[in-house]
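One-letter residues, chain by chain:
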Amino acid sequence: EVQLVESGGGLVQPGGSLRLACAASEFTFSSYAMNWVRQAPGKGLEWVSGISSGGGVTDYADSVKGRFTISRDNAKNMLYLQMNSLKPEDTAVYYCNAEQVVLRQSYWGKGTLVTVSS
C-alpha cells in the first residue's frame, strides 16, 4: 500500500522555523515529482512548492518564495520543506503529494498541522 506520512508540524511563533518531512513507501519515489500543498482553516487547497523527480528543479508559490525551501533525498525516500520566517498566514494543514504525469498517478498524505501564533 502506497504511503506518504508527513511529520514535523506544530505550534511556532511568528518569525520561527519548522522543518516538515514526508516519508514515502511502496512506490518508486525517485520517479515522481513531489509537491507540498496546504489548506488553511476554512480555505481551499493551495500549492506551496514542488520539486522534480531528480531534485534538480524546484518551484515556489509567491507567498512562500524566499522563506521556504523544498528538498528531497531519493536514497531515503524522503521529502522535506524547510520553513523560515513563518507568518500567521502560513497556518494550515500541510500535505505531501506525489505526482507522476505520464502514469497519471497522484498520491497524498494525511497532512501535518502547522500553527503560527504568538
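Residues numbered from 1 in each chain as written. Predicted model: local features only at pLDDT ≥ 70, side-chain atom pairs only at ≥ 80, totals over all residues. Heavy atoms only, no water.

## So, the side chain of R72
Relative to the elements of secondary structure, R72 occurs in strand β7 (residues 68-73). Although R72 is buried, it forms no salt bridge, and the closest oppositely charged side chain is D73 at an N-O distance of 8.3 Å. Within the structure, R72 has its side chain in polar contact with the backbone oxygen of Y32 (distance 2.8 Å). Of the polar contacts made by the side chain of R72, one reaches the side chain of N74; its length is 2.8 Å. (Helix = DSSP H or I, 4+ residues; strand = E, 2+ residues; numbered from the N terminus. Buried < 20%, exposed > 50% of the residue type's maximum accessible area, 1.4 Å probe, protein only. Lys, Arg positive; Asp, Glu negative; His and termini not counted. Salt bridge = Lys/Arg side-chain N within 4 Å of Asp/Glu carboxyl O. Polar contact = N/O pair within 3.5 Å; in protein donor to acceptor, adjacent residues only side chain to side chain.)

## Some thoughts on the environment of M83
The topology assignment puts M83 in strand β8 (residues 78-83). Given the relative accessible area of 0%, M83 is considered buried.

## A look at the packing of aromatic side chains
For any pair of aromatic rings, geometry is given as the distance between the ring centres together with the angle between the planes. Counted by the stated rule, this structure contains five aromatic pairs. Residues F27 and Y32 carry aromatic rings whose centres are separated by 4.9 Å and whose planes lie at 75° to one another, so their mutual orientation is edge-to-face. Neither residue differs from the other here; F27 and Y32 are each classed as buried. An aromatic cluster of at least three residues, connected via ring pairs, comprises F27, F29, Y32 and Y107. (Phe/Tyr/Trp six-rings, centres within 6.5 Å; stacked < 30°, edge-to-face > 60°.)

## Side note on the pairing of β7
Working note: regular strand, side chains alternate between the two faces of the sheet. Of the two faces of β7, only one is covered, namely that formed by F68, I70 and R72; the face formed by T69, S71 and D73 stays uncovered. One ladder, built from six bridges, connects β7 with β8; its direction is antiparallel. Along β8, the bridge assignment pairs R72 with L79. Once β7 ends, the chain turns through four residues before running back antiparallel as β8, passing N77 with a positive phi of about 55°. (Pairing = 2+ DSSP bridges.)

## A word on the environment of Q105
As for its position among the elements, Q105 is in strand β10 (residues 105-108). Exposure remark for Q105: the relative accessible area of 30% places this residue in the partly exposed category. Along the sequence, Q105 and Y32 sit 73 residues apart, while their C-alpha atoms lie 9.1 Å from each other. Other than its neighbours up to four places away in sequence, Q105 contacts Y32, A98, E99 and Q100. (Contact = heavy atoms within 4.5 Å.)

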